[in-house]
Number of protein chains: 4
Amino acid sequence: MFDPRDLPSANELLEAIQYFSQQGWSPATSTNYSARSATPGHIIISRSGVDKARFQLSDLIMTNLEGEVLPPFQGPGIKPSAETEIHTHLYRLFPQIGCVLHTHSVLGTTLSLEHAAEGQLRFAGYEILKGLEGNATHDMEERLPIVANSQSMPDIIAAMESYLRLPLQIHGFLIAGHGLYTWGRDVASAKRHIETFEFLFECTQVMRRR
Amino acid sequence: MFDPRDLPSANELLEAIQYFSQQGWSPATSTNYSARSATPGHIIISRSGVDKARFQLSDLIMTNLEGEVLPPFQGPGIKPSAETEIHTHLYRLFPQIGCVLHTHSVLGTTLSLEHAAEGQLRFAGYEILKGLEGNATHDMEERLPIVANSQSMPDIIAAMESYLRLPLQIHGFLIAGHGLYTWGRDVASAKRHIETFEFLFECTQVMRRR
Amino acid sequence: MFDPRDLPSANELLEAIQYFSQQGWSPATSTNYSARSATPGHIIISRSGVDKARFQLSDLIMTNLEGEVLPPFQGPGIKPSAETEIHTHLYRLFPQIGCVLHTHSVLGTTLSLEHAAEGQLRFAGYEILKGLEGNATHDMEERLPIVANSQSMPDIIAAMESYLRLPLQIHGFLIAGHGLYTWGRDVASAKRHIETFEFLFECTQVMRRR
Amino acid sequence: MFDPRDLPSANELLEAIQYFSQQGWSPATSTNYSARSATPGHIIISRSGVDKARFQLSDLIMTNLEGEVLPPFQGPGIKPSAETEIHTHLYRLFPQIGCVLHTHSVLGTTLSLEHAAEGQLRFAGYEILKGLEGNATHDMEERLPIVANSQSMPDIIAAMESYLRLPLQIHGFLIAGHGLYTWGRDVASAKRHIETFEFLFECTQVMRRR
C-alpha cells in the first residue's frame, strides 16, 4: 500500500523493528517507530498495540504531522501509537530528522529511574560514542536528558522543550521508567543511535556494579 | 486433528510456546500452556514431558474441564501436564479467561523464593505496567501473589483461593521456586502478560542489585 | 555413514549439540558429546577440535569402549576428543547409561572454581530438580560433586571414583574451571539434565548476588 | 569479485562477522576484520561504516599492506576501516598471521577501562585457555595487554610496540574503552581466540562480582 518511493524506508524501518524485538528492547506491545515519507508532511509510523515479535509491513501506517491517519490506512482498530505526538513534534521542529525510534529496554527503564533526580545520564571516554552522529572522538562527554514519565504527551514534550533548541546538542532522551527516544537523518542513522545508547546503558550498568 | 475453529488458537498457542522457549523461560520439560476451545467446556493444553525447544502442534491435546483427555487425543504416553488442575480450576472460576500460561524463568524462580516470606512482589512506577489488561497508567501499584510450592495441586489452589475472588484484582501469581502463572481473555493478551511480568522481574532484579 | 539403527541417535545428538552452542555453553572448540550405538560396545562421539557453531553430522564418529576410532570413520585428522576416556569409563561402569554430555558454560566454570574447596554444589527447594531422572519433588537436596581439573584423564576419573558407585546417587559432576559432565538413559534424558543443571547454575548465581 | 582462491577465506570471514554480530560483540558500525589473501601483500578487509547485522560478502574489500584499496574494489564511499593501519601493521610484522579480528563487546569495553591502570588482564586456571594457540594446559597464566585509546592509529601501534616482539608471547590486546584485537594463522584460529577471550571476560566479570 506504500508509495514505491516510501517502500525502501518502510522496509528498512520494519527490519529495524524486528531487530530491536530480537534484542529484547520492545517487550509486550510497547515502543513505537517512524520515518519521514517522501511526501512532505507525511510520516510512516508503527500502529498501536501490535506484538513487536510478530510485526509486519502491514502494521506500518501513514499519518500527517498532526497525527491523523491518511487514506488508505484508515480502518477499524487502525490507530497510530499514543505517542505519535512526540514523533510529529520532533519532525515539525527538526527538518533534518528523517527517523524517530523509541525502544523500551530493561536498562533504559532502570537507569532512567535511578538517575531521574539528576535529570540526565552522562557518558564519557567510550569509543562507541562515535556511533552518535557528529562525534569524532571518545574523548568527550555526551549527555542524555531524563524527563518524568506522564500519560499526557504534552507534559513530556513540555519537559523536553529546553533541550530541543537549535542547534541540536543531544541525540535523544529518556522518559523515566519508560525508555529511550532517539532520531537520525535516516533509519540507518537512528538505528545506530539506538544501538549506541543501549550499549552505553550496558557499560554503565556493568561499571556501577563494581 | 483440531476442529477448524480451534486451529487459529492452537497455532497462536504454539507460536507463544516457541517464543517462550527461545527466551529461556521453559527449561528442560517444565512449563505448561492452554487455551479455551470453541467447544464449551473443552480446552487445548500442552501435553506433559515434551522438550519445549522441540514442541510441535502435535504436542497439543484437548481435555475437558475435569482434565480428562478427549478423543482422538487419547493414546499411550499421551497425558496432560500434572498441573492441568490449576488450568481447569482457573477456567471454571473465570468465564472471561481464554488462555492460561505458565513459564519457569530463572528470575521467576529466584524472586519468588527471595520474596516468599512477604507473600508477594509489588511493582510501581513502570510504564510497562500498562501491558497488563486494564491498567491505564504507570502511576499505580500491581501486586503479584507468591504461594508456597507443593507437589499437590489442590494445596496450591487452596493457597490461591483468597486471591481468586471476583472481581479479579490480580493478573497472575508465582509459585515459590517454580515460576509464573498468568492468564488473559485470549492467547495474545496472556502472552503480553507473560512478557510484562518477565520484564518487571528483570527490572526488579537490576534495581535491587544497586 | 551411520548404521540406519544409529541414525536417529546421531541426529538427536547433533540437534542437542547445536542447541547447546546457541545457548553459549560450548565456546571455542570446547565440549564433547556421545551416545551409545545399537551395536554393543560401540559409541557415537563428537570428534575433536570442531567449532560447535559449525558442527555437522559428519563431525560425529564411532569408537569402541577403548576409545579406538572404528572404520569407516578413520582418517587423517579424525580423532576423538581428548576426553573420550571419561565417556568410555562411564559407559563401561553403567550399563543403563545411553548418552554422556559435557558442556562448558561461564557459570559451570566460575561456580566450579568458587566451590572447588567444598568439593560440591548443593541445590534444594527448586521445582526444576524434577528435571533430573528419578526426582519426584522439589523438597530434596541434590549434590553435584566438583573434582580438580587435570590434563590427565585418569586423574579426573580417579577423583570421581568414590562418587561413581552403584546405585548411582548423582546425575553428573563438575570439573573445576572446566565445566559439567552429565548422562542419561538416552539423548533426551541427558539433554534435560544439562538444561536442568545450567538453570540451577543461573539460579545459584542470582541468589548469591543478593 | 574475489579471486577463486580467496573466496573460501572471504566466506569464512563473513560467517565469523555474522556470528560476532549475533553475539552482540559488534554494536552500531563498530569493529573490523581481515584475512590474508592468497596473493602476497594483499588482504581482504571489512569496509568502513557498515551495520554488522546486515554485513554481506560485498562489504568485504581488498587492500595492499599500505591500506590502499585495490581494483576493482575502489569506488565512491568504499573505504577500508579507519583501523586498517593496525591490521596491516600486524600482517607486516608477523608472517605467520593469516587473520586479524577486532570485536567491541560490553565486557571488552568495561574490563579494559577498569584495568587500564594495570595495563593488562591476567587469566589463570581456566580450561578454556587451551583455546589459545600453543597453550596445552589450564595451569598457566595468560596476559592480555591493555593500551590507551586514541583516534591516532600510530599512537596505538606505538603503545603496543614493546609487546609485539618475536617470539610472540601474547594472543591479542585490548584498547581501553574500545575492545579486543586478536589474530591467528587462519580465520578459524582467530575466531577461536575471540571466543576464548570473550568467554574469559565473562568469567572474570562473574568472579569479581562475588
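Use the structure listed above.
A brief report on the enclosed structure follows.

About the criteria used
Residue positions are given per chain, counted from 1 along the sequence in the order it is written. Labels are handed out in written order, letters beginning with A for the chains and numbers beginning with 1 for the ligands. A pLDDT threshold of at least 70 governs which residues receive local features in this predicted model, and a stricter bar of 80 or more applies before side-chain atom pairs are shown or counted, although totals over entire chains, interfaces and linings include all residues. Computation of side-chain values: all heavy atoms of the structure, hydrogens and water removed. Every helix listed is a DSSP run of H or I at least four residues long, and every strand listed is a run of E at least two residues long, numbered separately from the N terminus. We compute the radius of gyration over the C-alpha atoms and compare it with the globule rule, which gives 2.2 Å times the number of residues raised to the power 0.38. Relative accessibility under 20% of the residue-type maximum defines a buried residue, over 50% an exposed one, and the middle range a partly exposed one, all with a 1.4 Å probe and only protein chains included. The Shrake-Rupley method, run with a 1.4 Å probe, gives the accessible areas here. Residue values count only the displayed protein chains as cover. Copy-to-copy superposition: least squares on the C-alpha atoms, limited to residues that have pLDDT of at least 70 in both copies. Residues count as neighbours in contact if any of their non-hydrogen atoms are within 4.5 Å of one another. At least two DSSP bridges between two strands are needed for those strands to be called paired. Geometry is summarised by axes, namely lines fitted to C-alpha atoms with helices restricted to the contacting stretch, and by angles between N-to-C directions that run from 0 to 180 degrees. With respect to orientation, any angle under 35 degrees is reported as roughly parallel, any angle over 145 as roughly antiparallel, any angle of 65 to 115 as roughly perpendicular, and every other angle as oblique. Rotating anticlockwise by less than a right angle from the far helix to the near helix defines a left-handed crossing, while the corresponding clockwise rotation defines a right-handed one. Polarity classes work like this: nonpolar for Ala, Val, Leu, Ile, Met, Phe, Trp, Tyr, Cys and Pro, charged for Asp, Glu, Lys and Arg, and polar for all others, with Gly in that last group. Only one rule defines a salt bridge in this text: a Lys or Arg side-chain nitrogen within 4 Å of an Asp or Glu carboxyl oxygen. Pairs of N or O atoms are called polar contacts if they sit within 3.5 Å, as long as, within protein, a hydrogen donor faces a hydrogen acceptor (for residues adjacent in sequence, only side-chain-to-side-chain pairs). Here the quantity called buried area is the accessible surface, traced with a 1.4 Å probe, that two parts lose on coming together, added over both.

### A few points about the overall build of chain A
Summing up its helical and strand segments, chain A has five helices and eight strands in all. Its helices and strands in sequence order give chain A the pattern α-β-β-β-α-β-α-β-β-α-β-β-α, from N to C terminus. Its C-alpha atoms give chain A a radius of gyration of 16 Å, near enough to 17 Å, the size a compact globule of 210 residues would have. The principal-axis extent of the C-alpha atoms belonging to chain A is close to 55 × 35 × 30 Å. Counting only residues that meet the buried cut, chain A has 60% of its 210 residues in that class. Put simply, chain A shows about 8,000 Å² of open surface, and 51% of that area lies on carbon and sulfur atoms.

### Things to note about the relation of the copies chain D and chain C
Overlaying chain D with chain C gives an RMSD of 0.0 Å, the required rotation being 90° about an axis along which the chain moves by 0.0 Å. Here the symmetry operator amounts to a four-fold rotation axis. Here only 5% of the interface residues in chain D have copies in chain C that are interface residues too; the copies meet through unlike faces.

### Looking at the sheet that holds strand 6 (residues 141-147) of chain C
Sheet strands pair via backbone hydrogen bonds, and the direction of the pair is either parallel or antiparallel. Residues and elements named next belong to chain C. With mixed pairing, the eight strands of this open sheet are ordered in space as 3-2-1-4-8-7-6-5. The open sheet terminates on both sides in strands that have one partner only, identified here as strand 3 (60-64) and strand 5 (120-124). When strand polarity is set aside, the average angle formed by the axes of neighbouring strands in this sheet is 20°. Of the strand pairs in this sheet, strand 4 (residues 99-103) and strand 8 (residues 179-184) are connected by five bridges, and their pairing is antiparallel. Within the sheet, the bridge partner assigned to His102 lies in strand 8 and is Tyr181. Sheet strands touched by helix 1 (residues 7-22): strand 1 (32-36), strand 2 (42-46), strand 3 and strand 4. Its angle to strand 1, the strand with the most contacts, is close to 160°.

### A look at the environment of Met160(D)
Residues and elements named next belong to chain D. With respect to the element layout, Met160 can be found in helix 4 (residues 153-160). As for Met160 and Thr31, which are separated by 129 residues in sequence, their C-alpha atoms are 19 Å apart. Not counting the four nearest positions on each side in its chain, Met160 is found in contact with Val147, Ile170 and Phe173.

### Quick word on the arrangement of the chains
Structurally, chain A and chain C remain out of contact, their C-alpha atoms never closer than 11 Å. With no contact formed, the shortest span from any C-alpha in chain B to any C-alpha in chain D equals 11 Å.

### What about unusual backbone geometry?
Of the consecutive residues Pro71(C) and Pro72(C), the connecting peptide bond is found in the cis state with omega at 0°. The phi angle at Thr31(B) is positive, at roughly 75°, despite the residue not being glycine. For Thr31(B), a relative accessible area of 7% puts it in the buried group.

### What about the packing of helix 3 (residues 106-114) of chain D against helix 5 (residues 187-208) of chain D?
Residues and elements named next belong to chain D. With their axes 10 Å apart at the nearest point, helix 3 and helix 5 run at an angle of 60° to one another. When the axis of helix 3 is compared with that of helix 5, the two are oblique. For the crossing formed where helix 3 meets helix 5, the hand is left-handed. For the pair helix 3 and helix 5, contact is made by Leu107, Gly108, Leu111 and Glu114 and by Phe201, Glu202, Thr204, Gln205 and Arg208, respectively. Class assignment for the residues of the contact of helix 3 with helix 5 results in three nonpolar, three polar and three charged.

### As for the interface of chain D and chain A
If you look at the interface, chain D gives 24 residues, while chain A gives 22 residues. Where chain D packs against chain A, one counts three salt bridges. Scanning the region where chain D abuts chain A turns up ten residue pairs in polar contact (both at pLDDT 80 or more). Per element, the largest residue contribution to the side of chain D that touches chain A is six residues, and it comes from helix 3 of chain D. By residue class, the composition of the side of chain D that touches chain A is six nonpolar, twelve polar and six charged.

### Concerning the sheet that holds strand 5 (residues 120-124) of chain A
Residues and elements named next belong to chain A. Strand order across the open sheet formed by eight strands is 3-2-1-4-8-7-6-5, with mixed pairing between neighbours. The two strands at the open ends of the sheet, each matched to only one other strand, are strand 3 (60-64) and strand 5. When strand polarity is set aside, the average angle formed by the axes of neighbouring strands in this sheet is 20°. Where helix 2 (residues 84-93) meets the sheet, it contacts strand 1 (32-36), strand 2 (42-46), strand 3, strand 4 (99-103), strand 7 (172-175) and strand 8 (179-184), and its direction lies at approximately 30° from that of strand 1. Along the sheet, helix 3 (residues 106-114) contacts strand 5, strand 6 (141-147), strand 7 and strand 8; its crossing angle with strand 7, the most-contacted strand, is approximately 80°.

### Notes on the interface of chain D and chain C
Note on interface size: it is often stated as the accessible area lost on association of the parts. The partner chain C presents 24 residues to the 22 residues of chain D that form the contact. Summing both partners gives a buried area of about 1,900 Å² for chain D against chain C, and 59% of it is carried by carbon and sulfur. Put simply, chain D and chain C have three salt bridges between them. Between the two partners, chain D and chain C, sit ten residue pairs in polar contact (both at pLDDT 80 or more). Of all the elements in the fold, those that place two or more residues in the side of chain D that touches chain C are helix 1 (7-23) and helix 5 of chain D. The element that contributes the greatest number of residues to the side of chain D that touches chain C is helix 5 of chain D, accounting for nine residues. Split by residue class, the side of chain D that touches chain C holds eight nonpolar, four polar and ten charged.

### Let's talk about the pattern of salt bridges
According to the stated counting rule, one finds 48 salt bridges over all chains in the structure shown. Between Arg122(B) and Glu141(B) there is a salt bridge, with its nearest N and O atoms 2.8 Å apart. In this pair, Arg122(B) sits in strand 5 (residues 120-124) while Glu141(B) sits in strand 6 (residues 141-147), placing the two residues 19 residues apart along the sequence. Note that Arg185(D) and Glu133(D) form a salt bridge whose closest N and O atoms lie 3.3 Å from each other. Placement of Arg185(D) in the loop between strand 8 (179-184) and helix 5 and of Glu133(D) in the loop between strand 5 (120-124) and strand 6 (141-147) is noted, with a sequence separation of 52 residues between them. The structure contains a network of salt bridges with shared partners spanning Glu133(A), Arg185(A), Asp186(A) and Arg192(A).

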